[in-house]
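Listed below, chain by chain, are the residues.
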Amino acid sequence: MTIRDAGRRGGMRGLAFVSAVISLVAVFAGVGSTIPLFNVYRAEDGFTNAGIAIAVVAYSAATLVTLLILGRLSGHLGRRPIAIASLVLLVLGCGLLLNVHDIGILIAARVLMGFGAGLASSSLTAYIVDAAPARPTWLASVASSQTVMLGLAIGAIGSGALIQFAPWPRDLTLLAVIGLLLASVALIALSPETADPMPGAWRSLRPSVRVAPGSGPCFPSPPRSCWPRGRRAPSTRRSCPRSSRINSIPAVPSSWGWCSPRTWRPAHWALRSAVGSRPRERNASAWRPSSPDGSV
């Protein structure tokens, strides 16, 4: 039974929304809780910085690969099955960490957690957006984006506090995370589905990168004449449109080419506040980049 089939009843929709938010926080609390444990493993098991770095890279690689390949799977199989699968992968990863005394076990656990975090990032955020109430309109975007950082903060700070002040520093944190993840599995299992299964699950595994319709204006493309040209980049100010030469503020190199700081409203306001409200009257030549021959 989907929320649409149930007439979008408030109680079922609210349960799905709360369950998805709690589950996403639990996922990234589990991810963040392992960070303080790295020092414990280094001190008690003799893990090297290189080995721990490999475990961190393994987690990141597993997350990116999962997002790239399995990111659209919840739209075909449903939000709940993929969300539960992600939580189970996190539980397995934490279970491995309960008995980690070898760097290989640590890497394997972090890979499982990376797969789980990647699946959760796609399925649970979509679940949140599907089940979010219509009012306030900002709730869906805030809940789906900020819960990740909230979970990481809760996991890292809580784990550090338990390691410092509570008994069983290696196990208590992981047991608490496993309990939270299992509770999240129960909540998701009780919640209604928000996406009807669709065919094409296998085709969705093919990576696809594209700009969403209507998002084109969000990706500016500066004129080709304003792009830096090797060693002559400081003098490209001459070939730029006059609109880029405002108040004698120099062009600034960026990943988009040579652009005026005026396009950055907060930075431009701060700059004007620092040098005065009328920069033309304040040694304007100091703000102009000079070419090798001394001209502007």
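Scroll up to find the structure.
S.K.: A description of the overall build of the chain should follow, citing residues and the corresponding values.
M.R.: Along its length, the chain carries eight helices and two strands. Counted from the first residue to the last, the chain has its helices and strands arranged as α-α-α-α-α-α-α-β-β-α. Scored against the burial criterion, the 296 residues of the chain give a buried share of 40%. Across the chain, the fraction of contacts at a sequence separation of at least 24, relative to all contacts at a separation of at least 6, is 77%.

S.K.: Give a detailed account of a nonpolar patch on the surface, specifying residues and quantitative values.
M.R.: Among the surface-exposed residues, Val18, Ile22 and Leu180 lie close enough to one another that they form a single nonpolar patch of about 210 Å² accessible area. Structurally, valine 18 is set in helix α1 (residues 10-45). A relative accessible area of 43% means that valine 18 is categorised as partly exposed.

S.K.: For the packing of aromatic side chains, give the residues involved together with the corresponding values.
M.R.: One pass over the full model with this rule turns up one aromatic pair. Taking 6.1 Å as the distance between ring centres and 55° as the angle between the ring planes, the aromatic pair formed by tyrosine 41 and phenylalanine 47 counts as tilted. Look at tyrosine 41 and you get buried, because its relative accessible area is 1%. A relative accessible area of 8% places phenylalanine 47 in the buried class. Above the plane of the ring of tyrosine 59 lies arginine 110, whose end atom (NZ or CZ) is 4.5 Å from the centre.

S.K.: Run through the packing of helix α4 (residues 79-97) against helix α7 (residues 172-190), naming residues and quoting values.
M.R.: Two packed helices can be described by the angle between their axes and the distance between those axes. It is at 9 Å that the axes of α4 and α7 come closest, and there the two elements cross at 165°. Considered as vectors, α4 and α7 are oriented roughly antiparallel to each other. Both α4 and α7 take part in a crossing whose hand is left-handed. Contacts between α4 and α7 involve Arg80, Ala83, Ile84, Leu87, Leu90, Val91, Cys94, Gly95 and Leu97 on the former and, on the latter, Leu174, Val177, Ile178, Leu181, Leu182, Ser184, Val185, Ile188 and Ala189.

S.K.: Account for the packing of α4 against helix α5 (residues 103-131), with residues named and values stated.
M.R.: Two numbers describe how α4 lies on α5: the axes approach to 7 Å, and their chain directions differ by 155°. Considering the angle they form, α4 stands roughly antiparallel to α5. Here α4 runs over α5; the crossing is left-handed. Residues of the contact of α4 with α5, tallied by class, amount to 21 nonpolar, four polar and three charged.

S.K.: Quick rundown of unusual backbone geometry? Include the residues and the values.
M.R.: With an omega of -5°, the peptide bond between arginine 135 and proline 136 qualifies as cis. Structurally, proline 136 can be placed in the loop between α5 and α6 (139-165). In this model, tryptophan 168 sits at a positive phi of 50°, which is unusual for a non-glycine residue. Its place among the elements puts tryptophan 168 in the loop between α6 and α7.

S.K.: Run through the pattern of salt bridges, naming residues and quoting values.
M.R.: Summed over the entire model, instances satisfying the criterion amount to three salt bridges. Here glutamate 44 makes a salt bridge to arginine 170, at a shortest N to O gap of 2.9 Å. In this pair, glutamate 44 sits in helix α1 while arginine 170 sits in the loop between α6 and α7, placing the two residues 126 residues apart along the sequence. The shortest N-O distance in the salt bridge between arginine 170 and aspartate 45 comes to 3.0 Å. Here arginine 170, found in the loop between α6 and α7, pairs with aspartate 45, found in helix α1; they are 125 residues apart in sequence, far enough to count as distant. Residue class for arginine 170 comes out buried when judged on its relative accessible area of 14%. Residues joined in a network through salt bridges with shared partners are Glu44, Asp45 and Arg170.

S.K.: An account of the side chain of serine 144 is needed here, citing residue identities and associated values.
M.R.: Here serine 144 lies in helix α6. Among the polar contacts made by the side chain of serine 144, one reaches the main-chain carbonyl oxygen of alanine 140 at a distance of 2.8 Å. Only 3.2 Å separates the side chain of serine 144 from the backbone oxygen of serine 141, close enough to count as a polar contact. Excluding anything up to four places from it in sequence, serine 144 contacts Leu24, Thr125, Ile128 and Val129.

The rules behind the values
- Residues numbered from 1 in each chain as written.
- Predicted model: local features only at pLDDT ≥ 70, side-chain atom pairs only at ≥ 80, totals over all residues.
- Heavy atoms only, no water.
- Helix = DSSP H or I, 4+ residues; strand = E, 2+ residues; numbered from the N terminus.
- Buried < 20%, exposed > 50% of the residue type's maximum accessible area, 1.4 Å probe, protein only.
- Contact = heavy atoms within 4.5 Å.
- Patch = residues over 30% accessible without salt bridge, like charges linked within 9 Å, V, L, I, M, F, W, Y side chains within 5 Å.
- Areas by Shrake-Rupley, 256 points an atom, 1.4 Å probe, with all protein chains shown as cover.
- Salt bridge = Lys/Arg side-chain N within 4 Å of Asp/Glu carboxyl O.
- Phe/Tyr/Trp six-rings, centres within 6.5 Å; stacked < 30°, edge-to-face > 60°.
- Lys NZ or Arg CZ within 6 Å of the ring centre and 35° of its normal.
- Axes fitted to C-alpha atoms, helices over the stretch in contact; angles between N-to-C directions.
- Parallel < 35°, antiparallel > 145°, perpendicular 65-115°, else oblique.
- Left-handed = near helix turned anticlockwise from the far one by under 90°.
- Nonpolar A, V, L, I, M, F, W, Y, C, P; charged D, E, K, R; others polar.
- Polar contact = N/O pair within 3.5 Å; in protein donor to acceptor, adjacent residues only side chain to side chain.

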